[in-house]
Amino acid sequence: MTLLAVERIKLFTTRSPWWCTLIALGVTVGFAALMAGTAEADVPMTVSASQFGYGFGLVVVMVMAALAVTTEYRFSTIRATFQAIPNRSAALLAKTVVVALLAGVIGLLAAFGSWGVATMMTPDVDLAINTAFEWRAVAGVGLVYAIAAVVAVAVGILVRHSAGAISLLLIYTNLVENLVTLIPTVGPKIHQWLPFNLAHHFLTGNPDPTGRPDQFGPGLSDATVGPWPAVAIFAGFGLLMLLISLVVANRRDA
Amino acid sequence: MIEAVGLTKRYGKTLAVDNLSFTVPTGRVTGFLGPNGAGKSTTMRMILGLDAPTGGSALIDGKHYRDLHQPLRTVGALLDAKWVHPNRSARAHLQWMAKSNKINPKRVDEVLDIVGLTSVANKRAGGFSLGMSQRLGIAAALLGDPQVLLFDEPVNGLDPEGILWIRKFMHRLAEEGRTVFVSSHLLSEMALTAQELVVIGRGKLISQTSTEDFVAQATENTVRVRSPHLSALRTALGRTGVSLRDEGDSLVVTGMDCAEIGELAASTGAVLHELSPQRGSLEEAFMQLTGDSVEYHAGLAETIDLVAAGK
């Protein structure tokens, strides 16, 4: 608990988490407003469509999470940290937990904020969150952001440089996973097991038959497992990355 | 007490620290002296468990740093004053450190007061001058009221006032019965600050003695003699077995002080035109001892100039 408090003080006594929170909320909620504003009778608003912008917020949250670690290396406060807490795994785990919790909260605020804006702007459409799918599509954003933050923290620990870590994360999530599908025959088979595709499947998979057609909401994932196994694999990926980064951090000179 | 036993650190092909063994006693200021690149900072990082030694170990009161419970209460260290997030306030920086070792938050204001940073406690540390950063680093080192303190080049880049403040401060800490280990590449500074010296060059131990002994042993005490009766004097001095050297029209005597030479001159009836003690400077002594082990030779004369200029 002490270590969590330490990391909480460290995180909130710098500015970047505040800015990242504001930006993440701005882009997601803003995008929901855009969706709701352009909704028409033949392109109706849905709960799922209100979450169209979650991917933009995801990027911002991962930048925030990576920065939370890489700035420690940049300013060598990581050494001060290891000096105060020689158990490096404990110190870094505490940081991961705090950053992941913040990311989860941002995710929930972004998702429900987006949904709230959509509800207000299209009052005649029924946007009540009733089904398991709708709950997943909205509340699930919190879980996905939290796990993505774990991945970003792990990459930050491994790479140590802000620019390097952020480029790696952005290029991977925005380009690499999609480019894999271009590989003949095996590409799509690999793609359906890639972590961020699985996270997307968790949020958009098994849609309600009552919802509006696919092309009016976020694109669907090609993953074939169920949404919950998908998010479990995504979480497993995050934990694996974290484990590798902790092993490396313990072996390396600070 | 800090104890290094066979401490070794290898980076690829370079041996930064080579089988280094020394002890830092309690209640004294011990200087850690060596030219730039001698391995002082690496040694300090190994003592703090930040870098893993390739061989040997460093113990604090018989324990590895990693095994200390709430280490800030045992060891305070200032290795680099810039190890602070520039957008975090001085107070916030100390607050998280205090929290991590369950140190009473009131202690934060106490140490800020000790180093004189109370008025800027809520300002962002990135805007601090080097002197202020150094003070903040010292405040962080003092946070847990530790018995052992490590400072790496604490006076580097400070103005004379700041240097004096730090020097007095170290003495006070040692008088309180603490172990103070402070590194520097300036012997002149160490001669004023430290009572004990651990001298290294190229990662190897050169000597561990008291500062007094080191200076005495290192500075060659000679006396310059000029006399119209130099040959008679030379014969008389030669009989005592001291070593003599001709330098122009004068004689340089090693191993005898002015009083003895004067008495000898009077008894032989030699007139003296000059009898002056020649004291080698501390810098020369330092160069003499570590000269062979300077990592990056800049030519001896230039190096002496640099050292003398305090760079």
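- Chain B is annotated in an unreviewed UniProt entry as ABC transporter ATP-binding protein from Actinokineospora xionganensis.
- Regarding chain B, the UniProt comment filed under Sequence similarities (unreviewed entry) reads as follows: "Belongs to the ABC transporter superfamily."

- If you check an unreviewed UniProt entry, chain A appears there as ABC transporter permease from Actinokineospora xionganensis.

## Digging into the overall build of chain A
Then comes step 1: Across its full length, chain A holds 10 helices and zero strands.
Then comes step 2: When the elements of chain A are put in sequence order from the N terminus, they spell out α-α-α-α-α-α-α-α-α-α.
Then comes step 3: A compact globule built from 254 residues should have a C-alpha radius of gyration of about 18 Å, and chain A, at 19 Å, falls within 12% of that.
Then comes step 4: C-alpha atoms of chain A, sized along the principal axes, occupy 60 × 45 × 30 Å.
Then comes step 5: Residues counted as buried form 54% of the 254 residues belonging to chain A.
Then comes step 6: In chain A, 13 positive and 12 negative side-chain charges are present, and the distance between their average locations comes to 23 Å.

## Some words on the sheet that holds strand 5 (residues 75-78) of chain B
All names here are of chain B.
Then comes step 1: In space, the six strands of this open sheet follow the order 5-6-7-3-8-9, with mixed pairing throughout. Of all the strands in the sheet, just strand 5 and strand 9 (204-210) have a single pairing partner and so form its edges. Between one strand axis and the next, the sheet turns by 15 degrees as a mean value, whatever way the strands run.
Then comes step 2: Pairing geometry for strand 3 (residues 29-33) and strand 7 (residues 179-184), over five bridges, is parallel. Pairing of G31 across the sheet is with V182, part of strand 7.
Then comes step 3: Of the strands in this sheet, strand 3, strand 6 (148-152), strand 7 and strand 8 (196-201) touch helix 1 (residues 40-47), which is tilted by about 150 degrees from strand 7.

## Here's the deal with the environment of K99(B)
Then comes step 1: Turning to its location among the elements, K99(B) is positioned in helix 2 (residues 90-100).
Then comes step 2: Take K99(B): its relative accessible area is 38%, and that puts it in the partly exposed class.

## So, the packing of helix 9 (residues 195-204) of chain A against helix 10 (residues 227-251) of chain A
Residues and elements named next belong to chain A.
Then comes step 1: Two elements in contact, helix 9 and helix 10, have axes separated by 8 Å at closest approach and are oriented at 145 degrees. Of the two possible hands of crossing, helix 9 and helix 10 adopt the one that is left-handed. Contacts between helix 9 and helix 10 involve P195, F196, L198, A199, H201 and F202 from the first element and P227, W228, A230, V231, I233, F234 and F237 from the second.
Then comes step 2: Its residues assigned to classes, the contact of helix 9 with helix 10 shows 12 nonpolar, one polar and no charged.

## Thoughts on the sheet that holds strand 4 (residues 55-60) of chain B
Residue and element names in this part refer to chain B.
Then comes step 1: Taken together, three strands build an open sheet; the order of strands is 2-1-4 and the sheet is antiparallel. At either end of the open sheet lies a strand with only one pairing partner, and these are strand 2 (14-24) and strand 4. Strand after strand, the sheet turns through a mean of 20 degrees between neighbouring axes, direction not considered.
Then comes step 2: Bridge analysis of strand 1 (residues 2-11) against strand 4 gives five bridges, and the strand direction is antiparallel. By the bridge assignment for strand 4, E3 is matched with L59.
Then comes step 3: Helix 1 contacts strand 1, strand 2 and strand 4 of the sheet and is inclined by roughly 115 degrees relative to strand 1.

## Some thoughts on the domain arrangement of chain B
Bring the parts together and some accessible area is lost; that lost area is often taken as the interface size.
Then comes step 1: In terms of domains, chain B is made up of domain 1 (2-217) and domain 2 (220-279).
Then comes step 2: Taking only C-alpha atoms, the centre of domain 1 of chain B and the centre of domain 2 of chain B are 47 Å apart.

## Examining the interface of chain B and chain A
Then comes step 1: Of the residues lining the interface, 28 residues belong to chain B; the matching set on chain A comes to 25 residues.
Then comes step 2: Buried surface at the junction of chain B and chain A, both sides included, amounts to about 2500 Å², of which 61% is carbon and sulfur.
Then comes step 3: When residues of chain B are sorted by the area they lose upon contact with chain A, L50(B), W83(B) and W96(B) head the list and together hold 29% of the total.
Then comes step 4: Here K9(B) makes a salt bridge to D253(A), at a shortest N to O gap of 2.7 Å.
Then comes step 5: Remark: the boundary between chain B and chain A carries 12 residue pairs in polar contact (both at pLDDT 80 or more).

## A short note on the UniProt feature "transmembrane region" (unreviewed entry) in chain A
Then comes step 1: Per the UniProt record, "transmembrane region" (unreviewed entry) is annotated on residues 18-39, 51-71, 92-117, 137-159, 166-187 and 228-249 of chain A.
Then comes step 2: End C-alpha to end C-alpha, residues 18-39 of chain A measures 32 Å, and it is 95% helix and 0% strand.

## Regarding the confidence of the model for chain B
Residues and elements named next belong to chain B.
Then comes step 1: Predicted confidence across chain B gives a mean pLDDT of 87, with 89% of residues reaching 70 or more.
Then comes step 2: Confidence drops under pLDDT 50 across residues 295-300; counting only partners more than four residues distant or on other chains, this segment forms six contacts.
Then comes step 3: The ipTM for the predicted assembly is 0.86, set against a pTM of 0.84.

## A closer look at the environment of A148(A)
All names here are of chain A.
Then comes step 1: Examined against the element boundaries, A148 turns out to sit in helix 6 (residues 132-159).
Then comes step 2: Taking the relative accessible area as the measure of exposure, A148 reaches 0% and is therefore buried.
Then comes step 3: For the pair A148 and S16, spaced 132 residues apart in the sequence, the C-alpha separation amounts to 18 Å.
Then comes step 4: Apart from the residues within four sequence positions on either side, A148 is in contact with L58, M62, F196 and F234.

## Focus on the packing of helix 1 (residues 2-12) of chain A against helix 5 (residues 88-121) of chain A
Residues and elements named next belong to chain A.
Then comes step 1: Across the interface, helix 1 lies against helix 5 with an axial gap of 8 Å and an inter-helix angle of 60 degrees. Of the possible angle classes, the one that applies to helix 1 and helix 5 is oblique. The two elements helix 1 and helix 5 meet at a crossing, and its hand is right-handed. Judged by residue contacts, L3, L4, E7, R8, K10, L11 and F12 of helix 1 engage A90, A91, A94, K95, V97, V98, V99 and L102 from helix 5.
Then comes step 2: By residue class, the composition of the contact of helix 1 with helix 5 is 11 nonpolar, no polar and four charged.

Cut-offs applied
- Residues numbered from 1 in each chain as written.
- Chains lettered and ligands numbered in written order.
- Predicted model: local features only at pLDDT ≥ 70, side-chain atom pairs only at ≥ 80, totals over all residues.
- Heavy atoms only, no water.
- UniProt positions renumbered as here; feature names shortened; annotations may be inferred.
- Helix = DSSP H or I, 4+ residues; strand = E, 2+ residues; numbered from the N terminus.
- Rg over C-alpha atoms; globule rule 2.2 N^0.38 Å.
- Buried < 20%, exposed > 50% of the residue type's maximum accessible area, 1.4 Å probe, protein only.
- Lys, Arg positive; Asp, Glu negative; His and termini not counted.
- Charge placed at Lys NZ, Arg CZ, Asp CG, Glu CD.
- Pairing = 2+ DSSP bridges.
- Axes fitted to C-alpha atoms, helices over the stretch in contact; angles between N-to-C directions.
- Contact = heavy atoms within 4.5 Å.
- Left-handed = near helix turned anticlockwise from the far one by under 90°.
- Nonpolar A, V, L, I, M, F, W, Y, C, P; charged D, E, K, R; others polar.
- Domains from an automatic or database assignment.
- Buried area = accessible area lost by both parts, 1.4 Å probe.
- Salt bridge = Lys/Arg side-chain N within 4 Å of Asp/Glu carboxyl O.
- Polar contact = N/O pair within 3.5 Å; in protein donor to acceptor, adjacent residues only side chain to side chain.
- pLDDT = per-residue confidence, 0-100.
- Parallel < 35°, antiparallel > 145°, perpendicular 65-115°, else oblique.

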